[in-house]
Structure formats: structure tokens, C-alpha cells
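Summary of the model geometry
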Amino acid sequence: MNFLRNSTTKLPYRVLGLRNASFLGFRHSFDTPCCGQKLRCKTEAFPVNFNQNSQFHTYPSRFLGFQRVTNNTQKLNCLSSLGFAQTRAVSRPCDVSVEARVASGVRDLSTSVETRVNDKSFERIYVQNGINVKPLVIERIDKDENIVGGEVPQTEDENNNVKHVGEGFKEEKSGVSVESNIEKEAWNLLRNAVVTYCGSPVGTVAANDPGDKQPLNYDQVFIRDFVPSALAFLLRGEGEIVKNFLLHTLQLQSWEKTVDCYSPGQGLMPASFKVRTVPLDDDKFEEVLDPDFGESAIGRVAPVDSGLWWIILLRAYGKITGDYALQERVDVQTGIKLILNLCLSDGFDMFPSLLVTDGSCMIDRRMGIHGHPLEIQALFYAALRCSREMLTVNESSKNLVRAINNRLSALSFHIREYYWVDMKKINEIYRYKTEEYSMDATNKFNIYPEQIPSWLMDWIPEEGGYLIGNLQPAHMDFRFFTLGNLWSIVSSLGTPKQNEAILNLIEAKWDDIVGHMPLKICYPAVENEEWRIITGSDPKNTPWSYHNGGSWPTLIWQFTLACIKMGRLDLAQKAVALAEKRLSVDHWPEYYDTRSGKFIGKQSRLYQTWTIAGFLTSRMMLKNPELASLLCWEEDYELLEICVCALSKTGRKKCSRVAARSQILV
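The structure presented is a predicted model; accordingly, all values stated were derived computationally and were not measured.

So, about the overall build of the protein chain. Helix and strand counts for the protein chain stand at 21 helices and 24 strands. Across the 666 residues that make up the protein chain, the buried fraction comes to 58%. Accessible surface, the protein chain as shown: approximately 28400 Å² in total, 50% of it carbon and sulfur.

Next comes the structure, spelled out in C-alpha cells:
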């Protein structure tokens, strides 16, 4: 199959409807392009008729070139929906719902993608030029029929919400506590923030403030922002919106993304998308998805964390619903591999951590986090562990799995050994010798002791420690970044002893990190001349505001998850109770300002969706900590035994991992 990227022709429209987009390689015919229409699907082998309630199993197939017919008059040469360089928006006629599942019986065949990292053949999705694979098989499955092949049985309620049979969510009659008034209010607000695409829920807007006359991009669905909303719906037993979100954002992954005639890697996920209504002829319309890959964002920075969050959410969906068939779909497996190929590509870096620009994650403005920020490394580590669980292991994927294991091992060692600071480590840095040129150097990154900030010497408690915000040659960012440290706990990027120490530090410095509203995005704020140099005099990131030491209530759910893992429910309950006193009264702000988080942020949007969803998710996880524990990872001691360095073979020096293993394994 030849892909659009190999063609010299370009599609004439930026907005491409389902009429103009491909689906699984077989011919489509539509009547009129809007609500109430029927979708007819044909292949040359056999005709298949289905309506919006149909469900399908899909198997690996030979993807052939085909033509699509719209209204039986217009013909277009189209390609697979996974073809690259497609146009930027996707649409479909309203009231058409197609749900595809991969049967577990073909697990070994569900990834026919080349997975050798940095191999050009990785770009050849599925098969090309006549390699024989099994033909496409589509079969009707009745609603009461379980998925074949030994998978965990699934059921769907009257709202098409996927539920895990035998371990389904407890209903109120089964003993779940009655919702409080603030929870009822939060649920109403969250449901009002839901975005639908042709009648199906596909996400939630970033903020839904009725008094906001200039929403900017807050009326879009952001991948990172939707994660707490997705978990809230999943924990409530409503999986349809999450499944739709995962599949639609997967479609957008392969869309054309260009800034000033340059295109980033194929695996890049969008930062956000918006549902737009496009008028057609005869007073008809169609809905389209218009993604933003960063070309419209402030600073034009690609969202590095979007793909990582997508993988993490995909695993969470399977863990909570038991619907692992979604992970096995060939298009989903391909999407995972494209993201990993982008992250695992070889470069000039000497470190296993990801090198990114400023503003490429939740902190999406200039804040001096360029390089190897902890937040990206923690999410990267979690996404790698998710991928190792979800990837179908076969001959074509074994090299990728090997690369994942090697990177996990190297990354965990790097972060645990070089990012960790406590009283002992700071005193060691304070006495560092510099300009060491040898294989046995203690000060490997040539850190000058004068870099240790004066605030840190008095602030660090005797019991406790944390992972610093960034590490580069001759530079350590000693700021405490909350999200990165919390995800280091959740994913077991830190050692068990380090994870415990991080929570001990938060408890000891509660007034600084939590204050009147949990939790500080980072501590401390940069001020005065440092603020002018680092932020470029950003008027939104003034000291103790927004990303510069502001307090973000959405971080509560991640704090709760970390506390549940470490058995510190008392800390999570204390934080949630503190937030509950003010969030509803203050109309669910995006963030709070001042050193203690006492005032609503000066530019904070109200009715911020991930503030609402973060609170709800925290409350539900505290009610059912056993279910929340499914979202965490325990220490994987096998990773600590993996070492791919060649030092032992050359005889020049013993691997430093051996010397450090005694402290890592605690």
C-alpha cells in the first residue's frame, strides 16, 4: 500500500469529512452527510450491512487501495485511516457509530508493524506491496454475546458504558456512600463540560465558565486536561466517553501537522482538539475535529506529554473496565509504537532522559524547565511501563520491547542516582570538587557548589527528600516540582525509600507546598532578576502565580493516588478536606495565587474542568483505594538487573550501577 506521504498530490481541503477519510480499507457509500443517515460498508469479497448499534471484531488484513463514493457521484482515491500526512480535521456524518474490537484469539497477529527503533521500515504501517496476511473479517456480535478468545467478559449497560463482569463498579445499592452536595454539584458541572461529536461524547472542555467572553483555547478538549475527567468517569463505571476519546485522538495522531513548512515526528499527539460545525450545501452540516499540535499554542511548542498521557490513560481504561480488547486493536498497537518510536529515537544525548524544550508539558510557558525536566521523565517512565504491559509481543515487536526494557533500566538508575537530594546529598554537593576529568569522577555533571540556593540549605528537612526539577551539565534545578515527584511515586521511578521520603517532605513542609489550597505546582517561585531572566518578564508567571509557584487544585488526584500507594491516606484526606472547603465557594478556579495559595489566581478561569474532575477523582479513590491501586506500579526488581553498558566488556571501569545497587534496592 502506498501512503500519502509518498505522493506528490495533496488533498484540496483542510477539513476532511468521513466522506473524504478512510476506514479500515474497505469501500464506503453514504447518502447525505449529516444526521440520521445510514452507513453502508462493502468489500469486494462480501457485502456487510450494519447500523449504529453494530459491533465488530477486526482482524489484521491486507490493506488495499480503494475508492470512496459519496452520494454515489463523487469519487476520491483514499488511503487507510492510518496513512500519514492527512488533512488536519476529521469528520463523520452524525449518528453513525462504528465500534471495532480485536479478538484475543489473534493477539499474536495484532501488530504487523515494524518495531525496530530508528529503522526506516518502522514507517511502513501494516504491510505493503502484496505481503499475504489474513483477510479482513467482520462479524456481527449481539449485545449479550461475550468477546471470544478467553478475554475477560464485558457487558454494556443501556448507555453503552463498558463494564467489567464480576468486578464491576459498585452501585449505590451495594454500599457506596451517598454523594455529598458538593460532589453532586461537581458531577453536574463535569457533565455540562462534556463535548459531543455526532452525538457521542468524546471529551470535556478545559473550562466552562458562562461568564467568560473570551475563552481562547479553553473551549477545546486537551489530552492532559481530560485525564482526571476520564478517571472520574471510569471510576463511576462510564467508559464510553473514555473509549471514544482514545480512538478519536488516535485518529488525529497521523494527521498533517506543519509549522513553517516543517513537520514533527509521526507519533506526535495533539495538545487539544475542537469540534467544529462546517456548513454544507442544501442547509446541511457536518461536524469535524480540528486538532492543535502546538502550531497555535503560545510559543508554538509541541506537546511532548500528550502522547505519554494518552498511553497512561489507555492502560487505566483497560485496568478499570477490563476491556483489554481495545489495547489489542491493530490501530491502537500502531499508535503506541509510533509514540515510542518518537521517544526512543537515537540522538546526540548522553543521558536516558528525554531532552525537551521549555513549555512542552503542563508548564506550557517559559519557566526554565528546558532540558531534562522531571515531569517529562516521570511521565515517560510511566508510559514505558504501560507500553511494556500492553504491547503484543511477537517477532515484529520483540526489538521494541527490548528497547523499552533497556530504557526503563537506564532511566530509573539515572533519576534515582542523580536527581535525588536530601540532607546527606546536599552536604555531598556542598563539598564537591569541580573540573574532574576522569572515569572515576564523583561530580560527573561538574556541578558547582555555589549553585546550591540559600533557601534550600534552611528548607530541606532532616527527614525527607525529593527529586530535583532538572539536571544538565553544570546545572541542577533545585526547585521542587510537585507533578514530577508525585508521578515518580506512582510509577515507582523512585525507590521505595525515596518515595516515602517525598511524602515525608510534603508533610514536613505542608504550609509551603499545600498551604490554604493544595498543591503548589513548584516551590519556590522565581523572583526579581531571576524571574526576568528565566521567564522573560512573563506577566502571567509573576512570583507565586500560575506556573511560578501557583497552587493548582487539579494536582489533588495525583497526590491522592501517590498517598494511596504509600499507605498515607491521612495526608490525602487532609488535602481533599482542605480543598473541599473552598472550591465550590470559589467557583472551581483553575489555580490560586500567593505564597500560601490564599487568593484565586489573577487570570484564573472559573469552572475549570480538571479542577472539578480532580476533586471528584480524589473523592472516589479515597472511597475505593483498592480500585485506585490498579493505577499504580510496584517496584520492578528485574529492571534493576538489566544493564546494557559496555564497560564490563572493555575492562576500563566497572559499571557504576553495581556500586549503587545497594542503595537503589531499598
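On to the pairing of strand β13 (residues 200-204), then. The buried fraction of β13 is high, at five of five residues. The pairing of strand β12 (residues 194-197) with β13 spans four bridges and is classified as antiparallel. Looking across to β13, one finds that T196 is bridged to P201. Following β12, the chain reverses through two residues before pairing antiparallel with β13; C198 in that reversal takes a positive phi of roughly 55°.

Averaged over every residue, the pLDDT of the protein chain is 78; residues scoring 70 or more account for 70%. This stretch, residues 92-153, has a pLDDT under 50; its non-local contacts, to residues over four places away or in other chains, come to 184 contacts. Ignoring residues within four places in sequence, the model shows residues 165-176, a span with pLDDT below 50, making twelve contacts including any to other chains.

Packed helices, taken two at a time, are described by their axes: the angle between them and the distance between them. Packing of helix α1 (residues 181-192) against helix α2 (residues 223-235) leaves a shortest axis separation of 12 Å and a crossing angle of 115°. As α1 runs across α2, the sense of the crossing is left-handed. Here W187, L190 and R191 of α1 come into contact with α2, specifically with S229, A232 and F233.

Across the ten residues of helix α15 (residues 556-565), ten count as buried, placing the element largely inside the fold. Phi turns positive one or two residues past the end of α15, at G567, with a value near 70°.

Our focus in this paragraph is the packing of aromatic side chains. In the structure shown here, the tally under the stated rule is 22 aromatic pairs. Ring geometry for W459 against Y523: centres 5.0 Å apart, planes inclined by 25°, an arrangement best described as stacked. A residue pair is termed long-range when its members are at least 10 positions apart, and W459 in helix α10 (residues 454-459) and Y523 in strand β22 (residues 522-523) qualify at 64 residues. Here the two residues W459 and Y523 agree in accessibility, since each one is buried. Taken together, a centroid distance of 6.2 Å and an interplanar angle of 90° make the contact between W552 and W610 edge-to-face. With W552 in the loop between α14 (528-535) and α15 and W610 in helix α17 (residues 609-623), this residue pair connects regions lying 58 residues apart in the sequence. Counting every residue linked through ring pairs, the aromatic cluster contains W455, W459, Y466, F480, Y523 and W544.

Procedures and definitions
Residues numbered from 1 in each chain as written. Predicted model: local features only at pLDDT ≥ 70, side-chain atom pairs only at ≥ 80, totals over all residues. Heavy atoms only, no water. Helix = DSSP H or I, 4+ residues; strand = E, 2+ residues; numbered from the N terminus. Buried < 20%, exposed > 50% of the residue type's maximum accessible area, 1.4 Å probe, protein only. Areas by Shrake-Rupley, 256 points an atom, 1.4 Å probe, with all protein chains shown as cover. Pairing = 2+ DSSP bridges. pLDDT = per-residue confidence, 0-100. Contact = heavy atoms within 4.5 Å. Axes fitted to C-alpha atoms, helices over the stretch in contact; angles between N-to-C directions. Left-handed = near helix turned anticlockwise from the far one by under 90°. Phe/Tyr/Trp six-rings, centres within 6.5 Å; stacked < 30°, edge-to-face > 60°.

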